[in-house]
Amino acid sequence: MSASPLFEVRDLRVAFGRNGTYAEAVRGISLHVDPGEVLGIVGESGSGKSVGMLAALGLQPEGARVTGSVRFDGRELVGLPRRELRKLRGSRIAMIFQDPLSSLNPVMTVGEQIIEAVRLHNPDMSRHAAADRARDLLALVAIPQPDRRLAQYPHEFSGGMRQRVMIAMAVANDPDLLIADEPTTALDVTVQAQIMEVLAELQARLKLGLILITHDLGVLAGHADRVAVVYAGQVVEQAGVDDLFARPGHPYTRGLIASIPDMTVQNDRLFSIDGTPPALGQLPAGCAFHPRCIAAGEICRREAPSMREEGGHAAACHFAFAPSETIA
Ligand SMILES: Nc1ncnc2c1ncn2[C@@H]1O[C@H](COP(=O)(O)OP(=O)(O)O)[C@@H](O)[C@H]1O
Ligand SMILES: [Mg+2]
């Protein structure tokens, strides 16, 4: 697409200190988002998706060590003073945090909170103009009766409606990049689909660069342009979304695809990948996925695979893109 990406993360590492040593939750993630592009980041719970993207915006937990490079519109964010980062967040970069419930203030009306978000980055805007903007924002995320809704408190909103409010607040200042962390996780399937529609429409209308973080690869089908698959703090596969589904190069990705619930069949025994991801600081030798991998060979126990690339599709597996069909 464009010559330079809107957002570019290179070799991002986030380590937590424990008993005098550091353990990396994010182990060298590199990815980029072009203007107007939708990047999906997918991986099981605990793989470092949230910690990684929060750290990329300077929101790492106290005491975490962050290294690598994060460029937004050509500007390096790692090491930027907190004030500068805060200015960027909520204006040009917006984030919808995992757990929208705790992100809204229960004792303020929704209208007051949106107005506050608008005025935070536009201190000269009148209250009246900000209130108009709040009404427009609710309409933008398809919340009916915006005037009545603005006067209500968060508890008067359903989970789906609350998530719409979070989306409205995130785009209040017309960002170029929106990072949405598990935007549909807490919602039931029908509402999930509605929220994805709202996000997709906004993304197209506002030409947002969008990072969609999810543990559910199914959410990304039809909604992402490209996908980065994360396992144990590393990107193990990256490809265009259709290519990823058509010929996944990593056994982990194949497992994630097999785990997507099929709505068209009655099936309550869903496939899931055997075992659990390694705990923080307890990585196995060789490929981090090998203890759970049905295709693992001897080399996988010994050597961590590097990324192999084929026509813009990359996978970190010793057997990726092997011509033989013998590999499961
Ligand atoms: N404040 C913290 N201190 C220590 N470890 C943390 C902290 N926050 C997250 N972690 C660990 O970092 C890893 C990645 O977590 P997270 O990014 O939340 O995963 P995901 O978003 O992919 O589900 C997990 O092992 C988690 O336990
Ligand atoms: Mg998370």
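That block above? That's the structure.
Values in this document were obtained by computation on a predicted structure and should not be read as measured data.

Asks: Could you give me a rundown of the packing of helix α3 (residues 110–120) against helix α4 (residues 127–140), with the residues and numbers involved?
Replies: At a minimum axis distance of 9 Å, the contact between α3 and α4 shows a crossing angle of 115 degrees. Taken together, the axis directions place α3 and α4 in an arrangement best described as roughly perpendicular. Where α3 crosses over α4, the handedness of that crossing is right-handed. Contacts between α3 and α4 involve Ile114, Ile115, Val118 and Arg119 on the former and, on the latter, Arg127, Ala130, Ala131, Arg133, Ala134, Leu137 and Leu138. Per-class residue counts for the contact of α3 with α4 are 8 nonpolar, no polar and 3 charged.

Asks: How would you summarise the nonpolar core if you had to cite specific residues and measurements?
Replies: Nonpolar side chains tend to gather and get buried jointly when the protein is soluble and globular. If you look at the biggest cluster of nonpolar residues, it comprises 60 residues, and the most contacted ones within it are Ile114, Leu178 and Val227. In terms of residue count, the dominant contributor to this core is helix α6 (residues 159–170) (7 residues). Among all residues touching Leu178, those that are not within four sequence positions of it are Ala94, Met95, Ile96, Ala170, Val171, Leu199, Leu208, Gly209, Leu210 and Ile211. Among the nonpolar cores identified, the runner-up in size contains 31 residues, and Leu6, Ala56, Ala64 and Val70 belong to it.

Asks: For the coordination of the magnesium ion (ligand 2), give the residues involved together with the corresponding values.
Replies: Protein-derived ligands of the magnesium ion (ligand 2) are Ser50 (OG) and Gln98 (OE1), with the metal-ligand distances lying across 2.1 to 2.3 Å. Here Gln98 lies in the loop between β6 (93–96) and α3 and Ser50 lies in helix α1 (residues 49–56), a separation of 48 residues in the sequence. When its relative accessible area of 39% is taken as the criterion, Gln98 is described as partly exposed.

How each quantity is defined
Residues numbered from 1 in each chain as written. Chains lettered and ligands numbered in written order. Predicted model: local features only at pLDDT ≥ 70, side-chain atom pairs only at ≥ 80, totals over all residues. Heavy atoms only, no water. Axes fitted to C-alpha atoms, helices over the stretch in contact; angles between N-to-C directions. Helix = DSSP H or I, 4+ residues; strand = E, 2+ residues; numbered from the N terminus. Parallel < 35°, antiparallel > 145°, perpendicular 65-115°, else oblique. Left-handed = near helix turned anticlockwise from the far one by under 90°. Contact = heavy atoms within 4.5 Å. Nonpolar A, V, L, I, M, F, W, Y, C, P; charged D, E, K, R; others polar. Core = buried A, V, L, I, M, F, W, Y, C linked by side-chain atoms within 4.5 Å. Buried < 20%, exposed > 50% of the residue type's maximum accessible area, 1.4 Å probe, protein only. Donors = N, O, S within 2.8 Å, 3.2 Å for Na, K, Ca; no water.

Coordinates in, geometry out; function isn't part of it.
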